[in-house]
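# Structural overview for review
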Amino acid sequence: MTRASPFLAASLAISMAVTVQPASPAEAPFEPGLMRLAEVLGSLHFLRNLCGEKGDHWRLEMEKLLETENPDPNRRARFIASFNRGYRSFSGTYTQCTPSATEAIARYMKEGETLSRDIASRYGN
């Protein structure tokens, strides 16, 4: 009878001690679109306020999205991170409303509308 090598014994002990984590559920096909929509809402929240629209309209739209989705804590954190990424992407660039900021607003409004419509028509009830 041969004796097992110390490496093999250690490997076996480690593999028996490691717990198997359940596979994470597959990401829904509409998830990237929703995350992008959250980012667009964050961008609009910054830009529209910068260019004279006072209030929390776009943040409230984000809250409606969260309420509708009712995500688990990890997914909720991803939505919020996307919103904040959109906000920060422009807050580091613009300190006043400029023609390019106004153009960005127009583009993000169009993109947000397209995302909303596409997600609802493809995956809505």
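Rules used in this analysis
Residues numbered from 1 in each chain as written. Predicted model: local features only at pLDDT ≥ 70, side-chain atom pairs only at ≥ 80, totals over all residues. Heavy atoms only, no water. Disulfide = S-S within 2.5 Å. Helix = DSSP H or I, 4+ residues; strand = E, 2+ residues; numbered from the N terminus. Buried < 20%, exposed > 50% of the residue type's maximum accessible area, 1.4 Å probe, protein only. pLDDT = per-residue confidence, 0-100. Contact = heavy atoms within 4.5 Å. Expected span 1.5 Å × (residues − 1). Arc of directions from axis to C-beta. Polar contact = N/O pair within 3.5 Å; in protein donor to acceptor, adjacent residues only side chain to side chain. Salt bridge = Lys/Arg side-chain N within 4 Å of Asp/Glu carboxyl O. Axes fitted to C-alpha atoms, helices over the stretch in contact; angles between N-to-C directions. Parallel < 35°, antiparallel > 145°, perpendicular 65-115°, else oblique. Left-handed = near helix turned anticlockwise from the far one by under 90°. Nonpolar A, V, L, I, M, F, W, Y, C, P; charged D, E, K, R; others polar.

### Let's talk about the state of the cysteines
On inspection of all chains with the given rule, the structure shows one disulfide. Two residues share a disulfide in this structure: cysteine 51 and cysteine 97, whose sulfurs sit 2.0 Å from each other. Sign of the S-S torsion, about 95° for the bond between cysteine 51 and cysteine 97, identifies this disulfide as right-handed. With cysteine 51 in the loop between helix 2 (31-50) and helix 3 (57-69) and cysteine 97 in the loop between helix 4 (73-91) and helix 5 (99-123), the pair connects residues that are 46 residues apart, well separated along the chain. On the basis of relative accessible area, cysteine 51 is assigned to the partly exposed category, the value being 27%. Residue classification places cysteine 97 among the partly exposed residues on the basis of a relative accessible area of 36%.

### Digging into the confidence of the model for the protein chain
For the protein chain, the mean per-residue pLDDT works out to 84, and 79% of the residues sit at or above 70. Here residues 4-23 is modelled with pLDDT under 50, and outside its nearest four sequence neighbours on either side it reaches zero contacts, counting other chains as well.

### Digging into the side chain of asparagine 49
Considering the arrangement of structural elements, one finds asparagine 49 in helix 2. Residues in contact with asparagine 49, not counting those within four places in the same chain, are Leu44, Lys54 and Gly55.

### Section: helix 4
Spanning 19 residues, helix 4 covers 26 Å between terminal C-alpha atoms, matching the ideal 27 Å at 1.5 Å per step. For helix 4, every residue scored as buried is listed here: Arg75, Phe79, Ser82, Phe83, Gly86 and Phe90. Buried positions in helix 4, seen along its axis, are confined to an arc of 90° and lie on one side of it. In this structure, helix 4 carries Pro73, Asn74 and Arg88 as exposed residues pointing more than 90 degrees from its buried face. At the N-terminal end of helix 4, a side-chain oxygen is found 3.0 Å from the backbone nitrogen of asparagine 74, two or three residues along, and the residue is aspartate 72.

### Let's talk about the pattern of salt bridges
Per the counting criterion, the structure on display carries twelve salt bridges. In this structure, arginine 75 engages glutamate 31 in a salt bridge whose closest nitrogen and oxygen atoms are separated by 2.7 Å. With arginine 75 in helix 4 and glutamate 31 in helix 2, this residue pair connects regions lying 44 residues apart in the sequence. Among the residues examined, arginine 75 registers a relative accessible area of 15% and is labelled buried. Of the charged contacts, one joins glutamate 113 and arginine 117 as a salt bridge, the two residues approaching to 3.6 Å between their closest N and O atoms. Residue glutamate 113 and its partner arginine 117 are both found in helix 5; the two are separated by four residues, about one turn of the helix. A single network of salt bridges, built from pairs that share partners, joins Glu31, Glu69, Arg75 and Arg78.

### Describing the packing of helix 2 against helix 3
Where helix 2 contacts helix 3, the two axes come as close as 8 Å, and the packing angle between them is 160°. The orientation of helix 2 relative to helix 3 falls into the category roughly antiparallel. Relative to helix 3, the crossing made by helix 2 is left-handed. Contact residues: helix 2 offers Leu34, Leu37, Ala38, Leu41, Leu44, His45 and Arg48, while helix 3 offers Trp58, Arg59, Glu61, Met62, Leu65 and Glu69. Residue classes in the contact of helix 2 with helix 3 are distributed as eight nonpolar, one polar and four charged.

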